[in-house]
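The primary structure of each chain is shown beneath.
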Amino acid sequence: MLISTLPELPGYELTEVQGIVCEYAALGAMGGGKTRKLVDSMADQASRLGADAIVDVKTVIGGDTGICVMTGTAVRIAPRAAAR
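Residues numbered from 1 in each chain as written. Predicted model: local features only at pLDDT ≥ 70, side-chain atom pairs only at ≥ 80, totals over all residues. Heavy atoms only, no water.

## Topic: the sheet that holds strand S3 (residues 53-62)
Backbone hydrogen bonds hold the strands of a sheet together, and the pairing may be parallel or antiparallel. Defined as follows: Two strands are counted as paired when DSSP detects at least two bridges linking them. For the purposes of this entry, the term helix denotes a DSSP run of H or I that reaches at least four residues, the term strand denotes a run of E that reaches at least two, and both are numbered from the N terminus. In what follows, residue pairs with any heavy atoms lying within 4.5 Å of each other are defined as contacts. Between the N-to-C directions of two axes lies an angle of 0 to 180 degrees, each axis being a line fitted to C-alpha atoms and, for a helix, fitted only over the stretch in contact.
Taken in spatial order, the 4 strands make up an open sheet running S1-S3-S4-S2, and their pairing is mixed. Taken across any chain shown, the strands that pair with only one partner, and hence form the sheet edges, are strand S1 (2-3) and strand S2 (12-26). Taken together, the 8 bridges between S3 and strand S4 (residues 67-79) define a ladder with antiparallel strand orientation. Across the sheet, residue lysine 58 finds its bridge partner in S4, namely threonine 71. Sheet strands touched by helix H1 (residues 34-48): S1, S2, S3 and S4. Its angle to S2, the strand with the most contacts, is close to 135°.

Here it is as structure tokens:
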């Protein structure tokens, strides 16, 4: 699964948007490896939607209780055809 903060992936065409993926956790609970678990959870969500990649990943940290929220767009991709 390709995951990017960019809205598009160089060398690939976005062929279909499958949906939005989102995950969150309390900062106090984000000890070692929790950020990776958020990303892995989003990748699992995207796979269930039939996506090949997640683009436009955003992370927001804040709130009175210290929450980390990650969102992204699950998409299907295809290699971009070479220019002639």
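## Notes on the pattern of salt bridges
Note the cut-off: Salt-bridge detection follows one rule: a side-chain nitrogen of Lys or Arg within 4 Å of a carboxyl oxygen of Asp or Glu. Exposure categories follow from relative accessible area, calculated using a 1.4 Å probe and restricted to protein chains: below 20% of the type maximum is buried, above 50% is exposed, and the middle band is partly exposed.
In the structure shown here, the tally under the stated rule is 3 salt bridges. Of the charged contacts in the structure, one is a salt bridge between aspartate 40 and arginine 36, with a shortest N-O distance of 3.1 Å. Taken together, the positions of aspartate 40 and arginine 36, both in helix H1 and 4 residues apart, correspond to about one turn of that helix. Between lysine 58 and aspartate 56 there is a salt bridge, and its shortest N-O distance comes to 2.9 Å. For lysine 58, a relative accessible area of 42% corresponds to the partly exposed category. By relative accessible area, which is 29% here, aspartate 56 ends up partly exposed.

## Let's talk about unusual backbone geometry
At aspartate 56, a position not held by glycine, the phi torsion is positive, near 55°. Tracing the chain through its elements places aspartate 56 in strand S3.

## Some thoughts on the side chain of glutamate 23
Here is the rule we go by: The charge count treats Lys and Arg as positive and Asp and Glu as negative. His and the chain ends do not count. We call two N or O atoms a polar contact when they sit within 3.5 Å, provided that within protein one can donate a hydrogen and the other can accept it, with sequence-adjacent residues counted only if both atoms are side-chain atoms.
By the element assignment, glutamate 23 lies in strand S2. No salt bridge is formed by the buried glutamate 23, whose closest oppositely charged neighbour, arginine 48, lies at an N-O distance of 7.1 Å. A distance of 2.6 Å separates the side chain of glutamate 23 from the side chain of serine 41, its partner in a polar contact. Among all residues touching glutamate 23, those that are not within four sequence positions of it are Leu38, Ser41, Met42, Gln45, Cys68, Val69 and Met70.

## A few points about the side chain of serine 4
Position of serine 4 relative to the elements: it lies in the loop between S1 and S2. At 2.9 Å, the side chain of serine 4 forms a polar contact with the backbone nitrogen of leucine 6. Other than its neighbours up to four places away in sequence, serine 4 contacts Leu9, Ile54, Val55, Asp56 and Val57.

## With respect to the environment of cysteine 68
Examined against the element boundaries, cysteine 68 turns out to sit in strand S4. Along the backbone, cysteine 68 and threonine 35 are 33 residues apart, and their C-alpha atoms lie at a distance of 8.9 Å.

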